[in-house]
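Structure at a glance
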Amino acid sequence: MIIDGNRAADRAIELVLAYYAAFNRGDWDEMLSFVSDDVAHDVNQGTREIGRDAFAAFLQRMNRCYREQLKEIVVLANQGGARVAAEYVVHGEYLADDTGLPPARGQKYVLPGGAFFHIRGGRITRVTNYYNLEDWITQVSGGRDAPG
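Bear in mind that the values here come from a model prediction, so they are computed numbers and not experimental data.

Conventions used here
Residues numbered from 1 in each chain as written. Predicted model: local features only at pLDDT ≥ 70, side-chain atom pairs only at ≥ 80, totals over all residues. Heavy atoms only, no water. Buried < 20%, exposed > 50% of the residue type's maximum accessible area, 1.4 Å probe, protein only. Helix = DSSP H or I, 4+ residues; strand = E, 2+ residues; numbered from the N terminus. Pairing = 2+ DSSP bridges. Phe/Tyr/Trp six-rings, centres within 6.5 Å; stacked < 30°, edge-to-face > 60°. Salt bridge = Lys/Arg side-chain N within 4 Å of Asp/Glu carboxyl O.

The element strand β1 (residues 35-42) is extensively covered by neighbouring structure, given that six of its eight residues are classed as buried. Taken together, the four bridges between β1 and strand β6 (residues 123-131) define a ladder with parallel strand orientation. Note on β6: the bridge partner recorded for V35 is I124. Here β1 pairs with strand β2 (residues 48-50) via three bridges, running antiparallel. Its bridge partner being in β2, A40 is matched across the sheet by I50. Hairpin connection between β1 and β2: a loop of five residues separates the two successive antiparallel strands, and Q45 in this loop has a positive phi of roughly 50 degrees.

Taken as a whole and judged by the stated rule, the model has 11 aromatic pairs. For the pair F55 and F58, a centre-to-centre distance of 6.2 Å together with 25 degrees between the ring planes defines the contact as stacked. One end of the pair is F55 and the other is F58, both in helix α3 (residues 52-65) and three residues apart, which spans about a single turn. An identical accessibility class is assigned to F55 and F58; each is buried. Considering the side-chain rings of F116 and Y130, the 6.0 Å spacing of their centres and the 75 degrees angle between planes classify their relative orientation as edge-to-face. One end of the pair, F116, is in strand β5 (residues 108-120); the other, Y130, is in strand β6, with 14 residues separating them in the sequence. Relative accessible area serves as the criterion here: at 41%, F116 is assigned to the partly exposed category.

The next point concerns the pattern of salt bridges. Per the counting criterion, the structure on display carries seven salt bridges. The closest approach of N and O atoms between D42 and R48, which form a salt bridge, is 2.7 Å. Residue classification places D42 among the buried positions, given a relative accessible area of 14%. For K108, the salt bridge is made with E93, and the minimal N-O distance between the two is 3.6 Å. Linking K108 in strand β5 with E93 in strand β4 (residues 83-94), this pair joins segments that are 15 residues apart in sequence. Under the relative-accessibility criterion, K108 is labelled exposed at 55%.

So far we have only geometry, and geometry alone does not tell us how the molecule works.
Pasting the structure below:
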């Protein structure tokens, strides 16, 4: 077993927790400060977008269409701190129509989500997000109420 005297895993976990704290505050500039210039962002059930500018555009769309808070966040890292996984529960409200999705009418939703990160040089170089899109569509389409 290799012991890292610099606590690389702890630093990686702290980075991801700070990233999510910025998300919950709606502080997009701080979120962007945590990602590399060439960050790879795998959008849930979508394409891979490359670069901080593409990530900033994604955050602007999120800010326009959704109001979300992540709760019950759990973050784990490998010993070297290069790979991190997070699980959380999204509590949200659908504010404005998003391309290819049902119409927005202020519907509330709650669903579990997760993300995988790659960390290099103290920055997030990849973030891959996952949640159950069909569950989200059912909730915002009135198929069932958002839990709790």
